[in-house]
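The primary structure of each chain is shown beneath.
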Amino acid sequence: MNEYDSNRILDLVKTIGYVATDNSLEADCYVLNTCHIREKATDKVYHDIGRVKKEFRNKKKPMLIVMGCVAQAENQEMLKREKYIDGVVGPQSYHQIPNIIKKIENDKSKINSTDFEVIEKFDSLNLIKNSNSKISSYLTIQEGCDKFCKFCVVPYTRGPEFSRSFDEIINESKQLIANGAKEITLLGQNVNAYKYKNHTKIYRLSDLIFKLNSIKKLKRIRYTTSHPRDVTEDLIEAHKKCEKLMPILHLPVQSGSSRILKAMNRNHNIKEYHNIIANLKQVKPNIKFSSDFIIGYPGETESDFQDTLKLIAKIQFINSYSFIYSPRPGTPASELTNVEKEVAKKRLIKLQNVLEKINKQSKKSFLNKSTEVLFENKMKNQDKYFGRDKFLNSVVVESKQDLTGLLVNVKINNFNHNSLFGEIIVDKIKDCAA
Ligand code: SF4
């Protein structure tokens, strides 16, 4: 989502004459768009500010604005702690960035803009075209969360659930497609909680998917991140009927133990999770799943951990994320007693070994087979192209022909931890522009 936000921030500042630069030393204004999900996020921001200060030691100081969820969580504190910062702007008020920059330029004042103005934000953004021209583009449809998992900061930094209007989203999709996008990933902290009501209808995520599926020039649709609780029947129907909806779903489970899920306030149990997977597999037999795992959540016993391993063995998640639990200030879980660090570490290593084995097995299963790849870009200084298959695997091939934006069948002949490698099956190139 920060990538989407950063692109939109760029669209906004263009209206007051600012452009992006690859040469950081040329910058008149630095924007650090921050994420608060990972551990030590705040420390990393101060570290980055230290780097900017060093770079500009003998030069005119650039304007420095911290945006995103760290800005939201820390707000005034940041301005007090680091005098180099000119503004802190939360993720729900970044539409004000042109005015904020002007104000800092003119008044030399420090700005703190951390109110939740999500309706106003999207009203402003709708007036400015999305200029992102990536083959695979992100599009925010929903923000915030009302679920309050006990470990998570999102409800406090992004605010309550908010869904953009159906028409706005379709309009913006058309802009992205006109700019060259062949794949759109619909984004939200709780993307499948999307619910927009106008005077005639309640629109859900499935309505957006069905509509996008009917747009000829768009080739692929994805969505992330989902909550198991919001995998509704209509969404399963979309997986069944929309051939452009890719057969991989990132469906965070966090733990394989219903006892821990309850302690986390996840609002679903393992039986329900298995049912969702079974229902999706029934309508889309080749669908694969990835997930997030928190290891060593307060109260996690060896038996809870074994339940997580059992779940992984059963579902065979590919490309998952796993971390040792670390408390986020202000969340209810931060007041609980942590599992011993060494115990949690050992569990994480065990779990990551299992996930890695599955990942390797999954990549190996592509060997000598053909897979359809959407090529996104040429790799720097090489005659190689980077793309992704339907399951989000990175695929690299050598080619003298420009493959950018093409859907090509590739025969896989090698793989490593991160990517599949192969050669294009020349007679099978399909021009996406067709
Ligand atoms: S559902 Fe996701 S975003 Fe919402 S509180 Fe839980 S982990 Fe955080």
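Procedures and definitions
Residues numbered from 1 in each chain as written. Predicted model: local features only at pLDDT ≥ 70, side-chain atom pairs only at ≥ 80, totals over all residues. Heavy atoms only, no water. Near = heavy atom within 4 Å. Nonpolar A, V, L, I, M, F, W, Y, C, P; charged D, E, K, R; others polar. Buried < 20%, exposed > 50% of the residue type's maximum accessible area, 1.4 Å probe, protein only. Helix = DSSP H or I, 4+ residues; strand = E, 2+ residues; numbered from the N terminus. Pairing = 2+ DSSP bridges. Salt bridge = Lys/Arg side-chain N within 4 Å of Asp/Glu carboxyl O. Axes fitted to C-alpha atoms, helices over the stretch in contact; angles between N-to-C directions. Contact = heavy atoms within 4.5 Å. Patch = residues over 30% accessible without salt bridge, like charges linked within 9 Å, V, L, I, M, F, W, Y side chains within 5 Å. Areas by Shrake-Rupley, 256 points an atom, 1.4 Å probe, with all protein chains shown as cover. Lys, Arg positive; Asp, Glu negative; His and termini not counted. Charge placed at Lys NZ, Arg CZ, Asp CG, Glu CD. 1 Å grid on protein atoms, 1.4 Å probe; cavity = no way out; pocket = protein on both sides within 12 Å on 5 of 7 lines; lining within 4 Å. Points joined across faces, edges and corners; volume = space filled by probe spheres on them. Parallel < 35°, antiparallel > 145°, perpendicular 65-115°, else oblique. Arc of directions from axis to C-beta.

Draft legend 1. The site of the ligand, seen in detail. Taken together, the residues surrounding the ligand are C145, K147, F148, C149, F151, C152, V154, P155, N190, H227 and R266. A breakdown of the residues in the shell around the ligand according to their chemical character gives seven nonpolar, two polar and two charged.

Draft legend 2. Structural view of the pairing of strand β8 (residues 183-187). The buried count for β8 comes to five of five residues, which makes it a mostly enclosed element. Residues E183, T185 and L187 line one face of β8 and the alternating positions I184 and L186 line the opposite face, and both faces are buried. One ladder, built from five bridges, connects β8 with strand β11 (residues 220-224); its direction is parallel. When the bridges of β11 are listed, L186 appears paired with Y223.

Draft legend 3. Structural context of the pattern of salt bridges. In this structure the tally under the stated criterion is 32 salt bridges. Linking K241 and E237 is a salt bridge whose minimum nitrogen-to-oxygen distance equals 2.7 Å. Taken as a pair, K241 and E237 lie in helix α10 (residues 233-241) at a separation of four residues, close to a single helical turn. Here E237 falls in the partly exposed class, since its relative accessible area comes to 29%. Overlapping salt bridges bring together R8, D11, K14, R164, E168 and E172 as one network.

Draft legend 4. The environment of D402, seen in detail. Positionally, D402 belongs in the loop between β18 (394-398) and β19 (407-415). Sequence separation between D402 and Y385 is 17 residues, and the spatial gap between their C-alpha atoms is 8.1 Å.

Draft legend 5. Local environment of the sheet that holds strand β1 (residues 29-34). The four strands lie next to each other as β1-β2-β3-β4, forming an open sheet whose pairing is parallel. The open sheet is flanked by β1 and β4 (111-113), the only strands paired with a single partner. Across the sheet, the mean angle from the axis of one strand to that of its neighbour is 15 degrees, orientation sign disregarded. Note: β1 against strand β2 (residues 63-68), six bridges, orientation parallel. Residue pairing across strands places V31 opposite I65, the latter belonging to β2. Packed onto the sheet, helix α1 (residues 2-14) meets β1 and β2 and runs at close to 155 degrees relative to β1. Contacts between helix α5 (residues 97-107) and the sheet are confined to β1, β2, β3 (87-89) and β4, with β2 contributing the most and set at about 150 degrees to the helix.

Draft legend 6. Expanded view of a positive patch on the surface. On the surface, R38, K40, K44 and K341 cluster together into a patch of positive charge. Examined against the element boundaries, K341 turns out to sit in helix α14 (residues 341-364). Judged by relative accessible area, which is 53%, K341 ranks as exposed.

Draft legend 7. Focus on the layout of surface pockets. In this structure, the second largest pocket encloses a volume near 630 Å³. Together, 20 residues line the second largest pocket, and V19, A20, T21, C29 and V31 are the ones closest to its centre. Among the elements of the structure, α1 and β1 are those that each provide at least two residues to the lining of the second largest pocket. When residues in the lining of the second largest pocket are grouped by element, the largest group, five residues, is from β1. In the lining of the second largest pocket, the residues fall into twelve nonpolar, five polar and three charged.

Draft legend 8. Fine view of the packing of helix α12 (residues 270-283) against helix α13 (residues 302-315). Where α12 contacts α13, the axes come no closer than 12 Å and their chain directions differ by 10 degrees. Taken together, the axes of α12 and α13 are roughly parallel relative to one another. Counted together, I270, Y273, H274 and I277 of α12 and L311, K314 and I315 of α13 form the full contact between these two elements. Of the residues in the contact of α12 with α13, the class split is five nonpolar, one polar and one charged.

Draft legend 9. Fine view of helix α6 (residues 118-126). Of the residues making up α6, those classed as buried are V118, K121, F122 and L125. Relative to the axis of α6, the buried residues are bounded by an arc of 90 degrees and lie together on one face. In this fold, the buried residues of α6 make contact with α1, β5 (136-140), β6 (142-143), β7 (162-163) and α8 (166-179).

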